[in-house]
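Coordinate inspection notes
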Amino acid sequence: RQSVRMAQRRQEEQHETARQASRQSAERARQEGAEQAKRDAEAKKEAQLRSFRDRRCAIEQMVQSLTSHHRPWEEEATSLLELLEPRGPSDFTRWLGPQSDRRSARKQ
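Residues numbered from 1 in each chain as written. Predicted model: local features only at pLDDT ≥ 70, side-chain atom pairs only at ≥ 80, totals over all residues. Heavy atoms only, no water.

**Notes on the overall build of the protein chain**
In terms of regular secondary structure, the protein chain is built from five helices and zero strands. If you list the helices and strands of the protein chain from N to C, you get α-α-α-α-α. Taken over 108 residues, the protein chain has a buried fraction of 8%. For the protein chain, the share of sequence-separated contacts (at least 6 apart) that also reach a separation of at least 24 residues comes to 23%. (Helix = DSSP H or I, 4+ residues; strand = E, 2+ residues; numbered from the N terminus. Buried < 20%, exposed > 50% of the residue type's maximum accessible area, 1.4 Å probe, protein only. Contact = heavy atoms within 4.5 Å.)

Quick look at the structure:
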């Protein structure tokens, strides 16, 4: 009788040990998943920032290489960058300035 109880107790201990190991591995997997998601989010943010910086640097170089500067966006790279950002329908007055009629706008 005592040996049956001991065997049963060992089985219960083994089962409890296995359950604890399973919980610990699930917790580790959850933590690793959260850390991986955090690293992915940081990498995505860094890639977006790098892309913005590359685009801004290219625009600054283009502005510097212009031979004439008649419009404000030709002098400041930041204003040109704002013009190039897609924000809905095109607003040509931002590019050409206010015009009295279409003919003068076409001549520019």
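**Considerations on the pattern of salt bridges**
Overall, the coordinates contain four salt bridges when judged by the stated rule. A salt bridge links R19 to E16; its shortest N-O distance comes to 3.8 Å. With R19 and E16 both in helix α1 (residues 2-64), this residue pair falls three residues apart, about one helical turn. Note that R30 is salt-bridged to E27, the shortest N-O span being 2.6 Å. Linking R30 with E27, this pair stays in helix α1, spanning three residues, or about one helical turn. (Salt bridge = Lys/Arg side-chain N within 4 Å of Asp/Glu carboxyl O.)

**Quick word on the nonpolar core**
Counting residues in each nonpolar core, the largest one holds five residues, listed as I59, V63, A77, L80 and L81. Taken together, the elements giving at least two residues each to this core come down to α1 and α3 (77-84). Here this core gets three residues from one element, more than from any other, and that element is α3. Setting aside its immediate chain neighbours within four residues, L81 contacts F52, R55, R56 and I59. (Core = buried A, V, L, I, M, F, W, Y, C linked by side-chain atoms within 4.5 Å.)

**Overview of the packing of α1 against α3**
Between α1 and α3, the shortest axis-to-axis distance is 9 Å and the interhelical angle comes to 120°. Here α3 runs oblique to α1, going by the angle between their axes. As α1 runs across α3, the sense of the crossing is right-handed. The residues of α3 that touch α1, namely those facing F52, R55, R56, I59, E60 and V63, are A77, L80, L81 and L84. Looking at the contact of α1 with α3 residue by residue, the class counts come to seven nonpolar, no polar and three charged. (Axes fitted to C-alpha atoms, helices over the stretch in contact; angles between N-to-C directions. Parallel < 35°, antiparallel > 145°, perpendicular 65-115°, else oblique. Left-handed = near helix turned anticlockwise from the far one by under 90°. Nonpolar A, V, L, I, M, F, W, Y, C, P; charged D, E, K, R; others polar.)

**Structural notes on the environment of L80**
Within the secondary structure, L80 sits in helix α3. Note on L80: relative accessible area 8%, which makes it buried. Placed 21 residues apart in sequence, L80 and I59 show a C-alpha to C-alpha distance of 7.5 Å.

**Some thoughts on α3**
Buried residues of α3: A77, L80, L81 and L83, and no others. The buried residues of α3 all sit within an arc of 160° when viewed along its axis, so they share a single face. (Arc of directions from axis to C-beta.)

**As for the confidence of the model for the protein chain**
Taken residue by residue, the protein chain gives an average pLDDT of 82. The fraction at 70 or more is 77%. The lowest-confidence element of the protein chain is helix α5 (residues 102-107), averaging 60 in pLDDT; the highest-confidence one is α1, averaging 92. (pLDDT = per-residue confidence, 0-100.)

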